[in-house]
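What the coordinates show
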Amino acid sequence: MTSLAQKKFGEAAADYAACAVHAEGPSLARLTELIAPMPTWRQLDIATGAGHTALAFAPRIAKSTASDITPQMLAEVRRLAKERGLGNVVTRQANAQDLPFPDTSFHLVTCRLAAHHFPKPKDFVRESARVMIPGGTFALVDNVSPDDADLAAAYNAFEKLRDPSHGRALSLPEWCDLIDEAGLEPVSAEVMDQDIGFDAWVARMRCADDTIARLKEMLGAEPLRGLLHPREDEDGLTFTLREAIVLARKPGSLGRTAPKT
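Presented here is a report on the structure given in the accompanying data block. Owing to the predicted nature of the structure, the values given are computational and were not obtained by experimental measurement.

**Let's talk about the overall build of the protein**
The helix and strand tally for the protein stands at twelve helices and eight strands. Relative to its full complement of 261 residues, the protein shows a buried share of 52%. Sequence separation of 24 or more characterises 77% of the internal contacts of the protein that already satisfy a separation of 6 or more. Surface summary for the protein: the accessible area is close to 11300 Å², and the carbon and sulfur share equals 52%.

In C-alpha cells:
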C-alpha cells in the first residue's frame, strides 16, 4: 500500500501543490480558526502532501515539521515554503503509522485530507498521541463516510476506483472511538460540505477514460446520487463530499517545553 501511494502521489505532487481544495479549501480556513497556537509551539503535520496545512500554521508558531511518505510531495513543501519565506518549515519522510519522532515532541499534531489512505488508522491515532506533549492538540480533517454501512461501502468503492491507494474513509463515530481509545480527550467535532469539481478530481489521479466513464455512471446512480449530490454548474460536473474536523487534547498541561525535533 505504501509503495502504491508513493507512486500515485509522487506523480501528482505538483497537481496537489496547486489544487484549490487542498490549498484553500474551507476546512483549512476552519481549522486555523479553531486552533489558536502559541508562538512557541512545534507542529507536526502528518501526511502533509504539498504542505498546505503546515504552511498555514508556520507563520504563527516556532517550527512546523511536514512529514510524508512521498519524496516528491516533500519537495513541493520545500519549494512552497521557500517561495513564502518560511524558514521554520522542515520536512521529514515518515510513515503516519510508525512515526520516527520521540515521545512528547509536539504541541500540535495535524493531519488533513490524508487519513483515508492509512491501512491502520488506529496506529496513526496512537502514534499521534504518543508524539504529542501533555496538553497538546490533535487535529484531524478527513472525508468521512456515512454511518450506514451499505452507503459507506458504495462511497468507498467509488473513491477506490478513482484512486487505488484509497483505503477507507471512516465515519465520524469511528474516528471518535479511535481518538478515545488512544487516550485523547475530545474537544470538538463538526462536519462541513466540500464541493469537488469532477474533471480536476479525476485528472489528479490520471484516471483512464474507462475509469472516468464508470465513475460518472456510479455518481449518477443511487445510492451515490443521493449521497454526493452531483450537478452541472459553471465549472462542469460537481459533487459534494462531507469533511469532518475533529479536535482532541492529550491529558496534561502545556507547562513545559517540547524537546527539539
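**Focus: the pattern of salt bridges**
Scanning all chains against the criterion turns up 13 salt bridges. Salt-bridge contacts for Asp-103 lead to Arg-130; the nearest nitrogen and oxygen are separated by 2.8 Å. Taken as a pair, Asp-103 in the loop between strand S3 (89–93) and strand S4 (106–112) and Arg-130 in helix H7 (residues 121–131) lie far apart in primary sequence, 27 residues in all. Classification of Asp-103 by relative accessible area gives partly exposed; the value is 46%. Linking Asp-123 and Arg-126 is a salt bridge whose minimum nitrogen-to-oxygen distance equals 2.7 Å. Here Asp-123 and its partner Arg-126 are both found in helix H7, three residues apart, which amounts to about one turn of the helix. Given the relative accessible area of 19%, Asp-123 is considered buried. The structure contains a network of salt bridges with shared partners spanning Arg-30, Glu-33 and Glu-190.

**Remarks on the nonpolar core**
With 29 residues, the main nonpolar core has Ile-46, Phe-118, Phe-124, Phe-138 and Trp-175 as its most contacted residues. Only S4, H7, strand S5 (132–143), helix H9 (172–181) and strand S8 (236–249) provide two or more residues apiece to this core. One finds Phe-158, Val-202, Met-218 and Phe-239 within the second-largest nonpolar core, a separate group that totals 17 residues.

**Considering the pairing of S5**
With eleven of its twelve residues buried, S5 lies for the most part within the structure. Direction of pairing for S4 relative to S5: parallel, over a ladder of six bridges. Along S5, the bridge assignment pairs Thr-110 with Ala-139. Following the chain from S4 across H7 to the adjacent parallel S5, one finds a crossover that is right-handed. As defined by bridge partners, S5 adjoins S8 across seven bridges and the pair is classed as antiparallel. Note on S8: the bridge partner recorded for Leu-140 is Val-246.

**Describing unusual backbone geometry**
Along the chain, Glu-222 connects to Pro-223 via a cis peptide bond; the corresponding omega equals 10°. Within the secondary structure, Pro-223 sits in the loop between helix H11 (209–219) and helix H12 (224–228). Even without a glycine there, the phi angle at Arg-206 is positive, about 50°. With respect to the helices and strands, the residue Arg-206 is situated in the loop between helix H10 (198–204) and H11. Assessed through its relative accessible area of 44%, Arg-206 is described here as partly exposed. Phi angles above zero are rare outside glycine, and His-229 is one such case at about 50°. For His-229, the position within the fold is in the loop between H12 and strand S7 (231–233).

Conventions adopted
- Per-chain numbering applies: the sequence of each chain, read as written, is numbered from 1 onward.
- With pLDDT at 70 or above as the cut-off, local features in this predicted model cover only qualifying residues; side-chain atom pairs require 80 or more to be listed or tallied, and sums for whole chains, interfaces and linings still use all residues.
- With hydrogens and water stripped out, all remaining heavy atoms of the structure feed into the side-chain values.
- Only DSSP runs of H or I with at least four residues qualify as helices, and only runs of E with at least two residues qualify as strands; both kinds are numbered from the N terminus onward.
- Think of it in three bands: with a 1.4 Å probe and only protein chains considered, a residue is buried below 20% of the maximum accessible area for its type, exposed above 50%, and partly exposed in between.
- Contacts between residues were defined by any pair of non-hydrogen atoms, one from each residue, lying within 4.5 Å.
- Per-residue and other accessible areas were derived by the Shrake-Rupley procedure at a 1.4 Å probe size, with only the shown protein chains allowed to occlude residues.
- Whenever a carboxyl oxygen of Asp or Glu lies within 4 Å of a side-chain nitrogen of Lys or Arg, that contact is scored as a salt bridge.
- We define the nonpolar core as a collection of buried residues of types Ala, Val, Leu, Ile, Met, Phe, Trp, Tyr and Cys that are connected through side-chain atoms lying within 4.5 Å of one another.
- Strands pair, by our definition, only if DSSP identifies at least two bridges between them.
- For crossovers, right-handed means that the path from the first strand over the helix to the second runs clockwise, given strands pointing away from the viewer.

Remember that the coordinates give geometry; whether it matters functionally is a separate question.
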